[in-house]
Amino acid sequence: MDLNSDTMKADATIEPQFSLERIYPNQIDKAIISNQDVLDIHLERYEFASKNLQGRRILDIACGCGYGTALMAAQHPGKQFLGVDIDPAAVEYARNNYQANNLRYLCGDGCSFTEPSEIDNKNQLFDTIISLETIEHVPYPQQMVSHLLTQLSSNGSMIASVPTTPTVDGNPHHLHDFTVKSFYQLFSVSGFTAVEKLEQIQKWDFSGIFSAKKSQENRSQGVARNVIKHYLSTPSALFFRVHAIITQGLCNRYLTAQFKK
């Protein structure tokens with residue numbers, strides 16, 4: 001899908017904040033291979049989600065600036081999409097840059113979000129809920145997942161993703177590390193199991209990891225500083241990193257799965 005298609009508005013009214021955790025496809029320098037690789041791996045997750053949507057009402061929790069929600073909305077004009085993010089600036093950017101007749105955005109917290117009906121004030125349920133690279137950010141992942149599953153219609157499904165190799169040491173925005181087993185367990189306690197999955201491998205990019213300079217040239221700039229700081233405060237975490245390197249190699253691994261009852 002062309003992220004600059006006619007369904008999307010060209011200019012933003014706010015300045016996007018490029019960071020390790022925020023991707024703005026219209027702003028990054030795609031000539032830099034590492035930037036394009038990061039965007040591609042995120043788009044691949046949304047393509048997986050788009051192929052596994054069910055029902056008519058779709059919720060994308062932690063939609064960021066909206067590019068992935070818009071991709072799905074363009075591919076499924078007969079479905080209604082709602083993108084929700086906790087960051088008001090990201091929601092504003094989404095509204096100004098990624099628009100479609102079957103797509104809208106709201107500001108909200110995935111750990112507690114509900115959409116009340118305008119008619120009877122009862123919660124409207126969703127046929128598919130998507131939450132990509134979100135669960136590792138919240139203080140209580142089980143609470144978030146269990147809540148979102150209550151927002152599904154009968155026979156609804158949830159599509160979610162997490163890193164399955166350590167990331168807390170290098171990414172200050174991540175609060176939890178997951179394995180495949182611990183990720184699946186978040187859903188199994190509510191009776192949901194994985195029925196489709198996408199596994200991704202991202203080789204490490206070592207360029208600029210010690211740099212303190214903030215720029216669009218490399219989203220991983222300064223990551224090594226985070227790693228050193230983390231191990232100084234939590235030496236035991238080094239064991240998990242060494243184990244991951246030995247068993248998985250010099251890479252990050254990600255798992256996206258569709259869960260159903």
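To keep things clear, this report deals only with the structure shown in the data block. Not measured: the values here are computed from a predicted model. (Residues numbered from 1 in each chain as written. Predicted model: local features only at pLDDT ≥ 70, side-chain atom pairs only at ≥ 80, totals over all residues. Heavy atoms only, no water.)

1. What to know about the overall build of the chain
What the chain contains, in helices and strands, is seven helices and nine strands. For the chain, with 261 residues in total, the buried portion stands at 48%. Of all intrachain contacts in the chain linking residues separated by at least 6 positions in sequence, the fraction that spans at least 24 positions is 70%. Summed over all atoms, the accessible surface of the chain reaches about 13,100 Å², with 54% contributed by carbon and sulfur. (Helix = DSSP H or I, 4+ residues; strand = E, 2+ residues; numbered from the N terminus. Buried < 20%, exposed > 50% of the residue type's maximum accessible area, 1.4 Å probe, protein only. Contact = heavy atoms within 4.5 Å. Areas by Shrake-Rupley, 256 points an atom, 1.4 Å probe, with all protein chains shown as cover.)

2. As for the nonpolar core
One finds Tyr67, Met72, Phe81, Tyr98, Tyr105 and Ile130 to be the most contacted residues of the largest nonpolar core, which totals 30 residues. The set of elements that each furnish at least two residues to this core consists of helix 1 (33–51), helix 2 (67–75), helix 3 (88–97), strand 3 (103–107) and strand 6 (126–132). Of all hydrophobic cores here, the second largest spans 26 residues; its members include Leu152, Phe178, Leu255 and Ala257. (Core = buried A, V, L, I, M, F, W, Y, C linked by side-chain atoms within 4.5 Å.)

3. Brief notes about the layout of surface pockets
When its volume is computed, the second largest pocket comes out at roughly 400 Å³. Along the walls of the second largest pocket sit 19 residues, with Thr164, Thr165, Phe178, Thr179 and Gln248 positioned nearest its centre. Here the lining of the second largest pocket takes six residues from helix 7 (residues 237–248), the largest share from any one element. Residue composition of the lining of the second largest pocket, by class: nine nonpolar, seven polar and three charged. (1 Å grid on protein atoms, 1.4 Å probe; cavity = no way out; pocket = protein on both sides within 12 Å on 5 of 7 lines; lining within 4 Å. Points joined across faces, edges and corners; volume = space filled by probe spheres on them. Nonpolar A, V, L, I, M, F, W, Y, C, P; charged D, E, K, R; others polar.)

4. With respect to the pattern of salt bridges
Evaluation of the coordinates by the stated rule reveals four salt bridges. With its nearest N and O atoms 2.5 Å apart, the salt bridge here joins glutamate 115 to arginine 57. You can see glutamate 115 sitting in strand 4 (residues 115–116) and its partner arginine 57 sitting in strand 1 (residues 57–61), a full 58 residues away along the chain. Here glutamate 115 and arginine 57 have matching classes, each one buried. (Salt bridge = Lys/Arg side-chain N within 4 Å of Asp/Glu carboxyl O.)

5. Considerations on helix 3
Considered for burial, the residues of helix 3 that qualify are Ala90, Val91, Tyr93, Ala94, Asn96 and Asn97. At its buried positions, helix 3 is contacted by strand 2 (80–85) and strand 3. At the N-terminal boundary of helix 3, the capping side chain belongs to aspartate 87, with an oxygen 3.0 Å from the backbone nitrogen of alanine 89. (Polar contact = N/O pair within 3.5 Å; in protein donor to acceptor, adjacent residues only side chain to side chain.)

6. Details of the packing of aromatic side chains
Two aromatic rings, taken as a pair, are described by how far apart their centres are and by the angle between their planes. All told, the structure shown has nine aromatic pairs when counted by the stated rule. Ring geometry for phenylalanine 183 and phenylalanine 187: centres 5.7 Å apart, planes at 90°, overall edge-to-face. Of this pair, phenylalanine 183 and phenylalanine 187 both sit in helix 5 (residues 180–188), four residues apart, which is roughly one turn of the helix. Of the two residues, phenylalanine 183 and phenylalanine 187, both sit in the buried class. Here phenylalanine 187 and phenylalanine 259 contribute two aromatic rings whose centre-to-centre distance is 3.7 Å and whose plane-to-plane angle is 5°, an arrangement assigned as stacked. Separated by 72 residues along the polypeptide, phenylalanine 187 in helix 5 and phenylalanine 259 in strand 9 (residues 251–260) bring together distant segments of the chain. According to the relative accessible area criterion, phenylalanine 187 is buried, its value standing at 0%. You can call phenylalanine 259 buried: its relative accessible area is 0%. Against the face of tyrosine 254 rests arginine 45, its NZ or CZ located 4.6 Å from the ring centre. (Phe/Tyr/Trp six-rings, centres within 6.5 Å; stacked < 30°, edge-to-face > 60°. Lys NZ or Arg CZ within 6 Å of the ring centre and 35° of its normal.)

7. Description of a nonpolar patch on the surface
Together, Leu238, Val242 and Ile246 give the surface a local cluster of nonpolar side chains, amounting to about 280 Å² of exposed area. Topologically, leucine 238 is positioned in helix 7. (Patch = residues over 30% accessible without salt bridge, like charges linked within 9 Å, V, L, I, M, F, W, Y side chains within 5 Å.)

8. Overview of the environment of tyrosine 93
Positionally, tyrosine 93 belongs in helix 3. When the C-alpha atoms of tyrosine 93 and tyrosine 67 are compared, they prove to be 10.0 Å apart, with 26 residues separating the residues in sequence.

9. Section: the side chain of serine 131
Positionally, serine 131 belongs in strand 6. Other than its neighbours up to four places away in sequence, serine 131 contacts Ile61, Met144, Met158, Ile159, Ala160 and Ser161.

10. What about the side chain of asparagine 171?
Tracing the backbone shows asparagine 171 in the loop between strand 7 (152–163) and helix 5. In terms of polar contacts, asparagine 171 uses its side chain to reach the backbone amide nitrogen of histidine 173, at 2.9 Å.

11. Points about helix 5
Listed as buried for helix 5 are Phe183, Leu186 and Phe187. Relative to the axis of helix 5, the buried residues are bounded by an arc of 90° and lie together on one face. Buried residues along helix 5 sit against helix 4 (141–150), strand 7 and strand 9. (Arc of directions from axis to C-beta.)

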